[in-house]
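Chain by chain, the residues:
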Amino acid sequence: MNQMMQGHRRANPYLVLKVKRDNLVQDTLHRLASVRPAEFRKKLKVVFEGEAGVDEGGVKKEFFQLLVEQLYDPNYAMFHYNSTNKTYWFNPGSFESNLQYELFGALLGMAIYNSVILDIRFPTIVYDKLLADDVAGYVPCSIDNLVDVQPDMAKSLLGMLEFEGNVEEVYCRNFVASYENFGAVVEVPLKEGGETIPVTNANCGEFVELYVDWFFNRSIEDKFASFKRGFLRSMEIEEEETSPSASDPLSMLLGGRASSAGQASSGTGGETAQEADGQSQESASSPPGAGYLQRQQNTKRQTTMFLELFRPAELELLICGSQVLDFEAYKSNTDYTDGFEASSEQCKWFWEIAMQSFDDDQRRELLTFVSGSDRAPPKGLAAPEARLTISRQGPDSESLPTAHTCFNHLLMPEYSSKEKLEAKLRLALKFNQGFGII
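Attention here is on the structure that accompanies the text.

## Focus on the sheet that holds strand S10 (residues 388-392)
Pairing is mixed in the open sheet, where 4 strands are placed in the order S9-S10-S12-S11. Edge strands, defined here as strands with exactly one partner in the open sheet, are strand S9 (334-337) and strand S11 (402-404). Across the sheet, the mean angle from the axis of one strand to that of its neighbour is 20 degrees, orientation sign disregarded. Running over the sheet, helix H20 (residues 360-371) touches S10, S11 and strand S12 (409-412) and is turned about 60 degrees from S11.

Below you can see the structure in the form of structure tokens.
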């Protein structure tokens, strides 16, 4: 009451999103359009319309999982999936609005500040581009980068470079790149007049350099600029933001290294949503090649030291989690409920199967089954956010184990033997679809 009498109001410590399951992408886009940078760094609370659940962390995790799944959906055609290396790359011919890419980028930033591990599959070059000092993420690339993203194309180009015969007669290529777009082949000249310039032994090196640059930079320039702009929205600060937050996940992860950038984690700013939107539009229209930080120096907002703080591998770790799985630590980080205890035969069998019978790939499948991701949090499987709960789901039966991935919660019947538990668990992993949410 005293605060109200004095004209003060208590700031909401949460960013609350109310969305519909059947319109998740559009609802999220509409809600985030008016959100200021400081709000992106608040703890997220998600409300699914028509559902009574209270978000204590599980609903938020489900929201991130479902949104990533939908944005990766082939029906959106925002990304191409490479089954060889199991990664996604930006579709240069996508008809989706750049706002969709901006949403995906914002999702990454929000996940960092909410300590949520995202099951995203981008090659490392994406993190290089996110950290580049350029609005469109321009980075110099080589054919080695292409090997990681499009190994078949890289193999073809390497073969051309090493070919000792007549390149022009055998390969019959001009200085043109091409991609398939809904069944039609689109050709793009790699330089002026490229459609009439043949690739020869003398200029095939130039062709490869131009193709690699086109693939990683020019072909997806506008889409990646939107993606990066969304990502950086949660990293920007306003003039009035000066105090670091004790709960800043960047500081918690890196300690002293991140403390100088901790001021990006809390506070409220002084600009309006219209000013923020206007600045986003200004950034979108800025010419590629100019530095992102330099373009912002005459505005109220500043970019944090985030771009200088991380290496690409560290940023990937922060967003996607660690590939190192310590199941001994996971076992020690487990609760048992509804009749199960650590000493229960079924729980002992479970850990024996997971740690002795399963190989590394099967342990990753198991982790995906119970948590929605095959990676551990940045601090490993001993971290609080990785804590597992194993519950008894009735007496012995023929039912398969099930999981609430949003809560890292495994439920299994009180199977009569270790052999039966292992057989049922293997079947559950084999037929696991999506995120395993029940």
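## A word on a nonpolar patch on the surface
Residues Tyr-14, Val-16 and Val-47 make up a contiguous nonpolar surface patch of about 210 Å² in total accessible area. Here Tyr-14 shows up in strand S1 (residues 14-19).

## Let's talk about the pairing of strand S3 (residues 79-82)
Sheet topology note: the S3/strand S4 (residues 87-90) ladder contains 4 bridges and is antiparallel. Within S4, the position partnered with Phe-79 by the bridge is Phe-90. Where S3 hands over to S4, the hairpin turn is made up of 4 residues, of which Lys-86 adopts a positive phi near 55 degrees.

## Side note on the nonpolar core
One finds Phe-63, Phe-90, Ile-120, Phe-122, Phe-227 and Ile-319 to be the most contacted residues of the largest nonpolar core, which totals 79 residues. Looking at this core, the element that brings in the most residues is helix H5 (residues 98-113), giving 10 residues. Those residues within four positions of Phe-63 in sequence are excluded, and the remaining contacts are Leu-17, Val-19, Leu-24, Thr-28, Leu-44, Val-46, Phe-48 and Leu-107. In terms of nonpolar packing, the next biggest core, distinct from the first, is built from 28 residues, Phe-327, Trp-351, Ala-376 and Tyr-415 among them.

## Digging into helix H10 (residues 204-216)
Helix length check: H10 (13 residues) gives 18 Å between terminal C-alpha atoms against 18 Å at 1.5 Å per residue, within 8%. Of all the positions in H10, only Cys-204, Phe-207, Val-208, Tyr-211, Val-212, Trp-214, Phe-215 and Phe-216 are classed as buried. At its buried positions, H10 is contacted by S4, helix H6 (124-131), helix H7 (143-149), helix H8 (151-162), strand S5 (176-181) and strand S6 (184-189).

## Regarding the packing of helix H4 (residues 58-71) against H5
Where H4 meets H5, the axes come as close as 11 Å, and the angle between the chain directions of the two elements is 150 degrees. In terms of axis orientation, H4 runs roughly antiparallel to H5. Read as a crossing pair, H4 and H5 show a hand that is left-handed. On the side of H4, the interface is formed by Phe-63, Phe-64, Leu-67, Val-68 and Leu-71, while H5 contributes Gln-100, Leu-103, Phe-104, Leu-107, Met-110 and Ala-111. Residues that form the contact of H4 with H5 fall into these classes: 10 nonpolar, 1 polar and no charged.

Rules of the game
Residues numbered from 1 in each chain as written. Predicted model: local features only at pLDDT ≥ 70, side-chain atom pairs only at ≥ 80, totals over all residues. Heavy atoms only, no water. Pairing = 2+ DSSP bridges. Helix = DSSP H or I, 4+ residues; strand = E, 2+ residues; numbered from the N terminus. Axes fitted to C-alpha atoms, helices over the stretch in contact; angles between N-to-C directions. Contact = heavy atoms within 4.5 Å. Patch = residues over 30% accessible without salt bridge, like charges linked within 9 Å, V, L, I, M, F, W, Y side chains within 5 Å. Areas by Shrake-Rupley, 256 points an atom, 1.4 Å probe, with all protein chains shown as cover. Salt bridge = Lys/Arg side-chain N within 4 Å of Asp/Glu carboxyl O. Core = buried A, V, L, I, M, F, W, Y, C linked by side-chain atoms within 4.5 Å. Buried < 20%, exposed > 50% of the residue type's maximum accessible area, 1.4 Å probe, protein only. Expected span 1.5 Å × (residues − 1). Parallel < 35°, antiparallel > 145°, perpendicular 65-115°, else oblique. Left-handed = near helix turned anticlockwise from the far one by under 90°. Nonpolar A, V, L, I, M, F, W, Y, C, P; charged D, E, K, R; others polar.

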